[in-house]
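Chain residues, written in single-letter form:
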Amino acid sequence: MKSSLLTVLYIFILSHTAWSQTIIYVNTAATGANNGTSWQNAYKDLQVAIDAAKKNNVLWVAKGTYKPGKGSGSITQSFVAKSDIAIFGGFKGTETQFAQRDFKTNLAILSGDHADNDDPVDNTVRRSDNAQHVLYADTSVLNFILDGLVISGGNTAGAGGANDERRGGGFLCYGEVKIKNCIFRNNYAYFGGAFYPRAQKLNFTLDNCTFTNNTADAGGGGAVYVVSPDGIGTITNCTFELNKSAGSGGALNIQISKPNFRNCKFLFNSASGTGARGGAIFSSIPGSNYSNCEFAGNMATTSGGAININGEGYPSIVDSCMFTDNESGFGGAVAMFNGSKNTAQALKVSFNFCQFENNTASLSGGATLSGFKANTIFNDCSFKVNMAGLSSGGFGGAIFSQNDSTSVSIFRSQFELNSALKNGGALSAINGAKINIEKCNFEGNDAVNGGAISFIEDTIDLVGSLRILNSKIEFNQAKDYGGGLYLYNTKTDVNNCIIGNNSCEEGKGFGGGLSIVQAKSQTVAVKIINTTIATNKAKSGFGISTFTNAANLLKIELLNTILYQPDGPNYQVESGPQVILSLGGNLSSDKSLTISGTNDIINTDPLFVNTGLEDYHLKSGSPCINKGIKTAEVLPLDIENRIRDNSPDKGCHEFGAPVPNRDLEINNSLVIMASNQCNTLQFTIESDWKGEAEYTVFDVTGKIITTGHFNKWTTKENIIHEGIVFMPGVYFLNVVHDTTIIGKSFFRD
């Protein structure tokens, strides 16, 4: 660590020395010789100082206001950048060392407002005297640094202008620039109110900058508009707030470019014109990555309250970002569409460890929307109190997905208290989408149909599908159909899940747990395996309600599933005959199901530990223990990663300890070492496989102590999990990768 720090310090010293060979002083209040040799003799005009600067010269700019045009007042004159110089603001005008500057207090302002009459809020009035661009860099400019200045009052031509006349009110840039510690405020342009970087191969960086109250017209990009097909842009530690656009991209409009964002904030930006998309960011192509960013209070008229991503190919990754209080018509926080006519490739976006809270879509997709061949993955995300549908619309309180070749995969994510005016309190999918859900919790969501999840498949060939594994769907509410799930013509697989304490009682009230409908002329197949459907309520069909049309092509298969609704029938038919088929190993607490497969049991209590506390583990002596059927479709682990043997239990919970009190190595190439350090779990895996894996620690009673997951990228991977409270005793560690399970016992003294 010391060596690394010394290396960084050495690099910094060398870099700073390169820029410190000659200092040129600039101070609009100076009274000396006006030759830039000292603070007393500082240049009064910044452009004169820039013109005098040579390669590797540094300009120190004192507080004050500087205007382009060398005093001419011309709106076509700008501060013109040049290569290999650095301009630093933030000086009082007496400093002898660079470290003495304070750019937060000593504001060096580059202003395009020649008449000093700009409205402090409205960037479209009293602007006839303003410079079209405060700063300008042509294609020859390389290695230009701007640090610690304020850029304000730029004002381009509007819709009637041509080309550059309409681009970049604050800074129109065709060169290679590094901008740090700067403020862009109160600029206007038709395209890119504050900053317009444009070139075939443009490299730019923005670091610790603030863009506030900048405005773009219908061209878009209230603060920034980027066009650089082969360039690289990096935006770090920046804040974009209160920027607005009549076009798409309230803060940024990204065209044919893939800048990356890290540790940025996007606050209260808006894209408010007709058809405007991306309240904070509109991206015409994917490929940008977002890490540890905050999006709050942004708004777009049409789609993507925070971000709107279009295009195909080039995966985008959104990592550890927070989306709160954003709003739009479609996709309250994020909207993703493959808008390309060439649909050879899908749009691919992954969200990891992101939080979506209190976002609103007036129509559909309270938090996110995916459509038209957009493939979206959510890992370890949280969706809380998002809403879809104000006076109309209302599909997908958190997530909405639509159209053929669109897919959404959701892993280890939480959905709580989301709501939709119509369908899918947490998630709604329609017309050909493919949805995969694993290890997720849906709790307290509500809608008219599908309190947690609604899937309406209405394509000609019924290509859409829903798959739910190892998930909990509890305490959700619907008015008409499906307190937990509403499935309309949808091929569905549910495996290792809990569907419990959902309700459908206020309206038509069909299907407390699931409402399943077949209304077309093709077969609709639903398979439910090792799932516990318990303590749901409805007017009709407390557990499951079915509807079939005259074609009678609904096929529901149950395997190792428990149905227990003590307050009403497990199964009722809304229309058509009974359509549930048993593959064996099921239990129904009443006689509402006609099942007679191997090990099927009816009219019997499953003996859960405590349904009042939502504890659906099996008691000792339960008729469900070892009475399931072993098939290839039965997963090797239960919902809590306990191992299933050749005599599985009914329902989602296996009874007893998770692993034997011995080392279990199904794959002998894997080695696990568990550490006995206090409050720390440490283990090492050495093997050839790579990819994602999960681990679970149990005590001897089967109680889960902790869980986690990791990505294994090397042959030997070391994993450390701190903050675990271990009491003395024996514990079991399970690691799961794909279908491989490994385990080891260890002792904590």
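Model, not experiment: these values are computed from the prediction. (Residues numbered from 1 in each chain as written. Predicted model: local features only at pLDDT ≥ 70, side-chain atom pairs only at ≥ 80, totals over all residues. Heavy atoms only, no water.)

Visitor: Outline the overall build of the protein, listing residues and values.
Guide: Within the protein one finds 2 helices and 77 strands. Across the 749 residues in the protein, those meeting the buried criterion constitute 57%. Working note: accessible area of the protein is about 28,400 Å², and carbon and sulfur atoms make up 51% of it. (Helix = DSSP H or I, 4+ residues; strand = E, 2+ residues; numbered from the N terminus. Buried < 20%, exposed > 50% of the residue type's maximum accessible area, 1.4 Å probe, protein only. Areas by Shrake-Rupley, 256 points an atom, 1.4 Å probe, with all protein chains shown as cover.)

Visitor: Any details on the environment of Gln345? Residues and values, ideally.
Guide: Positionally, Gln345 belongs in the loop between strand E34 (334-337) and strand E35 (347-352). The spatial distance from the C-alpha of Gln345 to the C-alpha of Lys373 is 8.1 Å, given a sequence separation of 28 residues. In this structure Gln345 touches Glu312, Gly313, Asn338 and Lys373, once residues within four positions along its chain are discounted. (Contact = heavy atoms within 4.5 Å.)

Visitor: A description of the environment of Gly371 should follow, citing residues and the corresponding values.
Guide: Along the chain, the position of Gly371 falls in strand E38 (residues 368-371). A relative accessible area of 0% places Gly371 in the buried class. In sequence terms Gly371 and Thr406 are 35 residues apart; their C-alpha atoms lie 5.8 Å from each other. Residues contacting Gly371, with those up to four places away along its chain left out, are Met336, Phe337, Asn338, Gln402, Asn403 and Thr406.

Visitor: Tell me what's going on with the pattern of salt bridges, and back it up with residues and numbers.
Guide: Scanning the model with the defined rule gives 18 salt bridges in all. For Arg167, the salt bridge is made with Asp164, and the minimal N-O distance between the two is 2.9 Å. We note a salt bridge from Arg642 to Glu640, for which the minimum N-O separation is 2.2 Å. Assigned by exposure class, Arg642 and Glu640 land together as buried. Linked through salt bridges whose partners overlap, the residues forming this network are Asp380, Arg412, Lys439 and Glu694. (Salt bridge = Lys/Arg side-chain N within 4 Å of Asp/Glu carboxyl O.)

Visitor: Let's hear about the pairing of strand E42 (residues 399-402): which residues, and what values?
Guide: Side chains of E42 alternate between two faces, with Ile399 and Ser401 and Phe400 and Gln402 buried alike. As judged from the 4 bridges shared by E38 and E42, these two strands associate in the parallel manner. Within E42, the residue paired with Ser370 across the bridge is Ser401. One ladder, built from 4 bridges, connects E42 with strand E46 (residues 427-430); its direction is parallel. The partner of Ile399 across the bridge, within E46, is Leu427. (Pairing = 2+ DSSP bridges.)

Visitor: Give me the lowdown on the packing of aromatic side chains, citing residues and values where you can.
Guide: Per the counting criterion, the structure on display carries 39 aromatic pairs. Aromatic pair Trp60 and Phe91: ring centres 4.5 Å apart, planes at 10°, arrangement stacked. Taken together, the residues Trp60 in strand E2 (residues 57-62) and Phe91 in strand E5 (residues 86-91) connect sequence positions 31 residues apart. Judged by centre distance (6.1 Å) and plane angle (35°), the rings of Phe337 and Phe372 are tilted. Pair noted here: Phe337 is in strand E34 and Phe372 is in the loop between E38 and strand E39 (374-379), with a separation of 35 residues, a long-range link. (Phe/Tyr/Trp six-rings, centres within 6.5 Å; stacked < 30°, edge-to-face > 60°.)

Visitor: Describe the confidence of the model for the protein, listing the residues and the values that go with them.
Guide: Residues with a pLDDT of 70 or more make up 90% of the protein, whose mean pLDDT is 88. In this model residues 1-19 is a low-confidence stretch, pLDDT under 50, and it forms 10 contacts with partners more than four residues away in sequence or in other chains. In this model residues 659-676 is a low-confidence stretch, pLDDT under 50, and it forms 49 contacts with partners more than four residues away in sequence or in other chains. (pLDDT = per-residue confidence, 0-100.)

Visitor: Provide a residue-level description of the side chain of Glu640, including the pertinent values.
Guide: Residue position: Glu640 is located in the loop between strand E70 (615-618) and strand E71 (664-665). For Glu640, a relative accessible area of 14% puts it in the buried group. Among the polar contacts listed, one links the side chain of Glu640 to the side chain of His617, at a separation of 2.9 Å. Sequence-distant contacts of Glu640, that is, excluding residues within four places in its chain, are made with His617, His653, Thr696, Phe698 and Ile704. (Polar contact = N/O pair within 3.5 Å; in protein donor to acceptor, adjacent residues only side chain to side chain.)

Visitor: Go over unusual backbone geometry with me, naming the residues and quoting the values.
Guide: Of note, the phi angle at Lys373 is positive, near 65°, even though the residue is not glycine. Here Lys373 lies in the loop between E38 and E39. The phi dihedral of Asn489 is positive, around 60°, even though this residue is not glycine. Checked against the element boundaries, Asn489 lands in the loop between strand E54 (485-488) and strand E55 (491-495).

Visitor: Kindly report on the environment of Asp138, identifying the contributing residues and their values.
Guide: By the element assignment, Asp138 lies in the loop between strand E7 (135-137) and strand E8 (144-147). With a relative accessible area of 31%, Asp138 lands in the partly exposed category. Contact partners of Asp138, with chain neighbours within four places excluded, come to Tyr174 and Gly175.

Visitor: Now, about the side chain of Glu557: what can you tell me, with residues and values included?
Guide: Assignment of secondary structure puts Glu557 in strand E63 (residues 554-559). Overall, the relative accessible area of 14% leaves Glu557 in the buried class.

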